[in-house]
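Here are the chains, one letter per residue:
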Amino acid sequence: MAGDAESVTGFGPPGNSADLLRNIANIGSDFGDGLVHGRMADIGFNTYSSLFELQGIWDYATNGPTATAEERLARCRAFLDRIAQDGFCVIDTLKSPHAREFAGLYPRRCKDGSPDPAKLDASDPKVRAMAAKEAEWIGRRLSHPALVGIEPANEVRFGSHLSFTPAALAAWRAHSGLGVPPEVMALDDPTARNPPHWSSIAGFPSDRVVPDDYPILDFYRWCWQEGDGWKGYCDEVLAAFCRGAGRDVRGMYSPALRTPALWNVLGGMGIARNWDYPNPEPYHLACMVAQLQSVARETKRAVIASVQSISYRRDIAPLGIHPDNEPAWSRDYPNCKYPTTPPDLLLEAFWSVLSRRIDGVATHGYNALIDESKLRAVPADYRFQSNVYRCTNPKTADVLKRLFHSTVIPLGPLLRAIPERDPQVAVFAGFSSQVLGSRITWNCKGRFYDACTLAVAANLSPCIINEEEVMTRGIPPSVRVLIMADCDVLTRTAFDRIAAFQAGGGLLVADANLLPALKADAGLPTVERAYAETLSDHDDGKRTTAADPRTRDAAVKRAAAGLKAIALRKVRLPADTDNGDILVSVRSHGDADYVFPINDKRCAGDYVGQWKRVLEKGVPNAGKVTLDRPAGAVYDLVRHESVPFESKDGKTVIPVSFETSDGKVLLVVPKPLAPLSFDRKGSRVTVRTPDRGVLVPIRVEGFGPKPFYGVVRDGAWAHDFGKTPTGAVSVSNLADGLAGNPVGMN
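Residues numbered from 1 in each chain as written. Predicted model: local features only at pLDDT ≥ 70, side-chain atom pairs only at ≥ 80, totals over all residues. Heavy atoms only, no water.

## Observations concerning the overall build of the protein chain
Reasoning step 1: Of regular secondary structure, the protein chain possesses 20 helices and 37 strands.
Reasoning step 2: With the C-alpha coordinates of the protein chain rotated into their principal frame, the extents come out at 75 × 65 × 55 Å.
Reasoning step 3: For the protein chain, with 746 residues in total, the buried portion stands at 61%.
Reasoning step 4: Look at the contacts in the protein chain between residues 6 or more apart in sequence, and 74% of them connect residues 24 or more apart.
Reasoning step 5: Carbon and sulfur atoms make up 51% of the accessible area of the protein chain, which totals about 27,600 Å².
Reasoning step 6: Taking the average place of the 87 positive charges on the side chains of the protein chain and the average place of its 87 negative ones, the gap between the two points comes to 2 Å. (Helix = DSSP H or I, 4+ residues; strand = E, 2+ residues; numbered from the N terminus. Buried < 20%, exposed > 50% of the residue type's maximum accessible area, 1.4 Å probe, protein only. Contact = heavy atoms within 4.5 Å. Areas by Shrake-Rupley, 256 points an atom, 1.4 Å probe, with all protein chains shown as cover. Lys, Arg positive; Asp, Glu negative; His and termini not counted. Charge placed at Lys NZ, Arg CZ, Asp CG, Glu CD.)

Listed below in structure tokens is the structure:
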């Protein structure tokens, strides 16, 4: 599986390395006069998503553009010209599926044939033809080199279900040779979105192992992969846009994890993006990346991990509750339901996603990072609006800017290039138990969430494998521990392969909900619920009672320690710490290890801590990272310097310290790095080192106002800048901070 982590090429912004990380701001539809753009560029973003949110330009009743469409697209082209000068790209969103008039014309149908008018029937050929016509028209008029990707639909599967039309039912019968399972038709839910529970199904196998083609499973598998229409819709719309633009652009799908655990639900979309919130455990976002990697393994998709810069107020500072020492922002924005994410939570969450191999980072809610009222005139009721994003803590943007400029931008090519290690621990995501056990979480909280969180907190660097992957490819041979949470039901092939894994010496760790056909080797530690469950993904303003967040933090750390003790029966960790509040993971290339220690020691703080819902403030911490290998040198890649260490008896111990919820990237190699040498012939620069088996990050200067970043891979790096230098050319090693030696300059 390590090979699957190799970088997806051709995904960098223009004017810099093709391997540069994308730093994406989901900016919404208000691109306005460029004031916001200037601030976003200053923070360090280089890409926008959903910049224009192309909607309201098509008249679905007349099947043609609106009267103002050309004017709107002309503004878009002008803004693309402007931001391209700053090296920005755009992955934009076609918002047709959210147009109520479109859904009103072509609604999904419930089981009884009645319309579900807020939901567009993406499987209807007329819908696809109209959306494709619109996309091709937009592509023709908006073809621009800075527009590098299109999202044909966004957030459309939260309420998606099969449209029970004669055509859809015929398609299901053609696929299966069967009618819709009677258990599905008997559901009280008119949409049949929520499947029947196994306990309600007559004659269900007592061992809860079902055939691979079990009709109810097959029906819902088909619904998500084909029947609900979104995969085909996205493919057809993307192809139409590319026809209009006269060139290929990438398709993006998000949120990529808000479906059951299946492959083949994203179609030809080359970018899988998902987002999550940093509370209560910001390091959980490493698991979100592992889930995205699972999706990406299907077709080598690029992976974008998004950290929300907004938070649900109900989770961090509930409306209607006025604690002692209530902060000024709460009085300034008394009704705001989406305040800024606390700075240190955002910082730790970003470090958590950077510790895994990704192609880009993103954040959503630019107006939670930037105070618009300081940039331009705002409505008179701006402070009192409710269902809005507001910048309630400007320090969050400052923290993000420091992270981007110190780490994400200079080390971006390296962070994309370092492969994941072959996994020793996997968390199983079971489609059968999600469907037949009523355990579809839609990527929200639950025991699967907790199991992933514990595995990260235990420094086990888990991968995620879904049931379909196990059925198709088996369990990766490197995996020695398989964690199964809420796994009530399995298909026959998945069961056979898991049983064979266990019989071959693999350790099965599961909770009490494991199907009777399997017996766990160890019980999965559980986490006491510290927060009231909510039924909606939208803030309802209800007051909730919650335990002190220290209760959950202690429970998670205690359970993680228990899980680690279990895993160590079979696993030899590449790195660990002597401090449970310092988490660590490792990625490797050749003889080099890249170690990511992250500080998770947090206290309540005074931004939202008064509400006692989350530990928001990172506090100083120190400890030791122990590597299961000898070392000859260790470098801090953020500070560009060597750091002290002790290597003895085949182990390496590195002292680490933190001031807040920060992280580090430490390069560990068998011997000190040799000096770099470089030469220039015209516009081409070549960098060399005698060191092999290591990826060395570099900075090249002299070809414009901004540095150029790259990676010397296994001894060599070369790039043609396509222009003569604008100043003296220099190369710096970002590991030891030393300048390279020029050996030839023509």
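Now that the structure has been shown, the text picks up again.
## Digging into the packing of helix α1 (residues 35–43) against helix α14 (residues 395–408)
Reasoning step 1: Remark: α1 packs on α14, axes separated minimally by 8 Å, with the N-to-C direction vectors making an angle of 50°. As judged from the angle between their axes, α1 and α14 are oblique. Residues Arg39, Asp42 and Ile43 of α1 form the contact with α14, whose own contacting residues are Ala397, Asp398, Leu400, Lys401, Phe404 and His405. (Axes fitted to C-alpha atoms, helices over the stretch in contact; angles between N-to-C directions. Parallel < 35°, antiparallel > 145°, perpendicular 65-115°, else oblique.)

## What to know about the packing of aromatic side chains
Aromatic ring pairs are defined here through the distance separating the ring centres and the angle between the ring planes.
Reasoning step 1: Evaluated as defined, the whole model comprises 21 aromatic pairs.
Reasoning step 2: On the numbers, 5.2 Å between centres and 90° between planes, the contact of phenylalanine 45 with phenylalanine 404 is edge-to-face. On the criterion of sequence distance, the pair formed by phenylalanine 45 in the loop between α1 and β2 (47–49) and phenylalanine 404 in helix α14 is long-range, its members being 359 residues apart.
Reasoning step 3: Given the relative accessible area of 3%, phenylalanine 45 is considered buried.
Reasoning step 4: Note on phenylalanine 404: relative accessible area 1%, which makes it buried. (Phe/Tyr/Trp six-rings, centres within 6.5 Å; stacked < 30°, edge-to-face > 60°.)

## Focus on the pairing of strand β13 (residues 360–364)
For a regular strand, side chains alternate in direction, first toward one face of the sheet and then toward the other.
Reasoning step 1: With 5 of 5 residues buried, β13 lies mostly within the body of the structure.
Reasoning step 2: Burial along β13 is two-sided: Gly360, Ala362 and His364 and Val361 and Thr363, pointing in opposite directions, are all buried.
Reasoning step 3: Bridge analysis of strand β1 (residues 22–26) against β13 gives 5 bridges, and the strand direction is parallel. Following the sheet pairing, arginine 22 is matched in β13 by glycine 360.
Reasoning step 4: Both strand β12 (residues 302–308) and β13 contribute to a ladder of 5 bridges, which runs parallel. The residue of β13 that forms the bridge with alanine 305 is valine 361. (Pairing = 2+ DSSP bridges.)

## Brief notes about the confidence of the model for the protein chain
Parts of the model with low pLDDT should not have their predicted coordinates read in detail.
Reasoning step 1: A residue-level look at the protein chain finds 93% of positions with pLDDT of 70 or above and a mean pLDDT of 91.
Reasoning step 2: In this model residues 2–9 is a low-confidence stretch, pLDDT under 50, and it forms 23 contacts with partners more than four residues away in sequence or in other chains.
Reasoning step 3: Considering only residues more than four positions removed or in separate chains, one finds that residues 12–17, a stretch of pLDDT under 50, has 18 contacts. (pLDDT = per-residue confidence, 0-100.)

## Focus on the sheet that holds strand β21 (residues 582–589)
Reasoning step 1: Ordered by their spatial adjacency, 5 strands build an open sheet running β21-β22-β30-β26-β27, and the pairing between neighbours is antiparallel. In this open sheet, the two strands that pair with only one neighbour each are β21 and β27 (641–642).
Reasoning step 2: Bridge count for β21 against strand β22 (residues 592–599) is 8 bridges, and the pairing is antiparallel. Residue pairing for β22: arginine 587 is matched across the bridge by tyrosine 594.
Reasoning step 3: With respect to the sheet, helix α12 (residues 343–354) is in contact with β21 and β22, its orientation differing from that of β22 by roughly 160°.

## Some thoughts on the pairing of β1
Reasoning step 1: Along β1, 5 of the 5 residues are buried, which leaves the element largely enclosed by surrounding structure.
Reasoning step 2: Of the two faces of β1, the one holding Arg22, Ile24 and Asn26 and the one holding Asn23 and Ala25 are both buried throughout.
Reasoning step 3: Summarising the sheet, β1 and β2 pair through 3 bridges and their orientation is parallel. Residue pairing for β2: alanine 25 is matched across the bridge by tyrosine 48.

## Description of the sheet that holds strand β8 (residues 147–151)
Reasoning step 1: Overall, parallel pairing links the 8 strands, which are arranged β1-β2-β5-β8-β10-β11-β12-β13 in a closed barrel. On average, each strand axis in the sheet is tilted by 25° relative to the strand beside it, whichever way the strands run.
Reasoning step 2: Relative to β12, strand β11 (residues 271–276) runs parallel, the two being bridged by 6 bridges. Its bridge partner lying in β12, asparagine 274 is registered against alanine 305.
Reasoning step 3: Along the sheet, α12 contacts β12 and β13; its crossing angle with β12, the most-contacted strand, is approximately 165°.

## Looking at unusual backbone geometry
Reasoning step 1: Residue proline 255 follows serine 254 across a cis peptide bond; omega there is -5°.
Reasoning step 2: Looking at the secondary structure, you find proline 255 in the loop between β10 (250–253) and β11.
Reasoning step 3: Of note, the bond from asparagine 279 into proline 280 is cis; its omega dihedral lies within 30 degrees of zero at 5°.
Reasoning step 4: The backbone of lysine 300 shows a phi angle near 60°, a positive value even though the residue is not glycine.
Reasoning step 5: Mapped onto the elements, lysine 300 comes out in the loop between α9 (285–296) and β12.
Reasoning step 6: Its identity is not glycine, yet serine 461 carries a phi of approximately 45°, on the positive side.
Reasoning step 7: Residue placement: serine 461 occurs in the loop between α17 (447–457) and β15 (463–466).

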